[in-house]
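Fold and geometry: a report
Spelled out from the first residue to the last, the chains are:
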Amino acid sequence: MPQVRTDLEALTRIPSVSLDAFDQGEVERSASATAALFEAEGFDVEISREGGRPAVIARKAGPAGAPTVLLYAHHDVQPPGPDELWTSPPFVPTERDGRLYGRGAADDKAGIMAHLAAVRAHGDALPVNLVLFVEGEEEIGSESLPATLAAHGEKLRADAIVLADSTNWAIGEPALTVTLRGLIRVVVTVSTLAHGVHSGMFGGAVPDAITALVRLLATLHEDDGEIAVAGLVTGTASDLPYDEARLRAESGLLDGVAIIGRGPLLDRIWAKPSITTIGIDAPTVATASNTLVASASAKISMRIAPAQDPAAAYDALRAHVLEHAPWGSQVEMHLDDSGEGFAADAQGPIYDAARAAFADAWGHPPVDIGVGGSIPFVAAFAERFPEAALLVTGVEDPDSRAHGADESLHLGEFEKVCVAEAALLARLGTLA
């Protein structure tokens, strides 16, 4: 584990943000560093691009006739956001109170290192055949993944796929993720004027675009926060104990702020649709003039139920937006990204082996959870390899703050993750 941690910190120091606005040379450096780690363990390694960011594909043979296991993670990370929101610099891995802080320390460079730790635990006596796929653009939607699967699908074919990009139920409580919500991300633009005009001369008779946009966004929810878009699918989540106090603690909800929506809390965050405004283009407060703004845009992130068809969800959202255009304003909506949800039938010998491996590491088996976030590549793997068992495992915990400031990895739990994966490979080897 000391060397695993050293290597994790080295990866975390590389600011491998895959968004175009950031230095893509760092993503290349991250791919090369990941490739070198697995080359050192005797893997045959290649770096694939297929029109997108670099992905690492590697193979190492186990015993003849043994099952093949594909290990997935991603080496790209989210933008860090403003430095002042971080307690320590985002790309300087720092330990505090048993947690390692840094962008990517949890999501998902810890996933890479969990795979590597399991490999090192077995050395050259692998119990299974291993294929590694470490993607370089998961955080921007995995656009080249279909091309990668088309070009390298036979290399990646496996009996079991371990996707180390999820979370555990709690500290000391391991989990298998069996459902994921899908995603629709759109940009809505509202226009009311051909050009900006003086707010004093025309205000009161002429609507401005920002106010019209705000009114449009408000129609997406009912007064209690339930989604108001017709035609969306809802589902039900695992029956686990989860109360309002835990939700408030894990989310950082401020005192006095109400919880929105209806039904069991886990249904709301794992199995029902949600709609969030994640960005607005409009004049800033510091630079605003007394002008009726002609046009304003918002980026909307809609999570959809695991069983919802993304195309149908997009059509429902588009119909709602166009129908509720305030004051006859001109409204355009463009699809930015979409991804399918996932629901596993988590039964059979491979899932039995996974649950036993978790018990080896934690002392008790995992619970089955859903995740409200979206991992579109999981559905892509399920479609490409329908015969494979998909094991969506986690290196995170509810306080990891992935995508946010002060992202962190609980080091004690991370060690259990590594032990569990090493035990999983051993147990899968007995299924030959």
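As a starting point, this report considers the structure included with it. Worth saying up front: this structure is predicted, and the values here are computed from it rather than measured.

With respect to the secondary-structure elements, L425 resides in helix α12 (residues 411-429). The exposure class of L425 is buried, given its relative accessible area of 0%. Put simply, L425 and T219 are 206 residues apart on the chain and 50 Å apart in space, counted from C-alpha to C-alpha. Those residues in contact with L425 that sit more than four places away from it in its chain are V69, A118, H122, P127, V128 and L130.

Moving on, we get to the sheet that holds strand β4 (residues 94-96). Here 3 strands make up an open sheet; going across it, the order is β4-β5-β18 and the pairing antiparallel. Whereas interior strands pair on both sides, the edge strands pair on one side only; in this sheet they are β4 and β18 (408-410). Direction aside, neighbouring strands of the sheet carry axes that sit 25° apart on average. Alignment of β4 against strand β5 (residues 99-101), held across 3 bridges, turns out to be antiparallel. Following the sheet pairing, E95 is matched in β5 by L100.

A few words on the packing of helix α2 (residues 24-39) against helix α3 (residues 109-122). Here α2 crosses α3 at 15°, and the two axes come no closer than 11 Å. Considering the angle they form, α2 stands roughly parallel to α3. In terms of crossing hand, the pair formed by α2 and α3 is right-handed. Contacts from S30, T34, L37 and F38 of α2 reach α3 at K109, I112, M113, H115, L116 and R120.

Turning next to the environment of D7. Secondary-structure assignment places D7 in helix α1 (residues 2-12). The spacing of D7 and M113 is 106 residues in sequence and 7.7 Å in space, taken between C-alpha atoms. Excluding residues that lie within four positions of it along the chain, D7 makes contacts with L37, M113 and R120.

As enumerated under the stated definition, the model contains 10 aromatic pairs in all. For the pair F358 and W362, a centre-to-centre distance of 5.6 Å together with 25° between the ring planes defines the contact as stacked. Taken together, the residues span about one helical turn, with F358 and W362 both in helix α10 (residues 349-362) at a distance of 4 residues. Its relative accessible area of 8% is what places F358 among the buried residues. Among the aromatic residues, those joined into a cluster by ring pairs are Y72, F133, F377, F381 and F385. Here R96 stacks its cationic end above the ring of Y101, 3.8 Å away from the centre of that ring. We note R246 situated over the ring of W169; from NZ or CZ to the ring centre the distance is 4.0 Å.

Of all hydrophobic cores here, the largest spans 86 residues; its most connected members are L130, F133, F381, L390 and F414. Among the elements that take part in this core, α12 stands out by supplying 10 residues, more than any other. Those residues in contact with F414, other than ones at most four positions away along the chain, are M1, V4, L8, A110, M113, A114 and L409. Membership of the second largest hydrophobic core comes to 26 residues, among which are V186, V190, L232 and Y314.

Burial analysis of strand β9 (residues 182-191) places 8 of its 10 residues in the buried class, which makes it a mostly covered element. Here β9 pairs with strand β13 (residues 295-304) via 10 bridges, running antiparallel. Each bridged residue has a counterpart across the sheet, and for R185 the counterpart in β13 is S301.

One open sheet holds the 4 strands; their spatial order is β11-β13-β9-β14, and the pairing between them is antiparallel. Here the strands that pair on one side only, and so sit at the sheet edges, are β11 (274-281) and β14 (330-339). With direction set aside, neighbouring strand axes in the sheet form an average angle of 20°. Helix α6 (residues 209-218) contacts β9, β11, β13 and β14 of the sheet and is inclined by roughly 15° relative to β13.

In the contact formed by helix α4 (residues 145-156) and helix α11 (residues 376-384), the axes pass within 11 Å of each other and the chain directions differ by 35°. α11 is crossed by α4, and the crossing has right-handed handedness. Only F377, A380, F381 and R384 of α11 make contact with α4, whose side of the interface consists of L145, L149, G153 and E154. Grouping the amino acids of the contact of α4 with α11 by side-chain chemistry returns 5 nonpolar, 1 polar and 2 charged.

What counts, and at which threshold
Residues numbered from 1 in each chain as written. Predicted model: local features only at pLDDT ≥ 70, side-chain atom pairs only at ≥ 80, totals over all residues. Heavy atoms only, no water. Helix = DSSP H or I, 4+ residues; strand = E, 2+ residues; numbered from the N terminus. Buried < 20%, exposed > 50% of the residue type's maximum accessible area, 1.4 Å probe, protein only. Contact = heavy atoms within 4.5 Å. Pairing = 2+ DSSP bridges. Axes fitted to C-alpha atoms, helices over the stretch in contact; angles between N-to-C directions. Parallel < 35°, antiparallel > 145°, perpendicular 65-115°, else oblique. Left-handed = near helix turned anticlockwise from the far one by under 90°. Phe/Tyr/Trp six-rings, centres within 6.5 Å; stacked < 30°, edge-to-face > 60°. Lys NZ or Arg CZ within 6 Å of the ring centre and 35° of its normal. Core = buried A, V, L, I, M, F, W, Y, C linked by side-chain atoms within 4.5 Å. Nonpolar A, V, L, I, M, F, W, Y, C, P; charged D, E, K, R; others polar.

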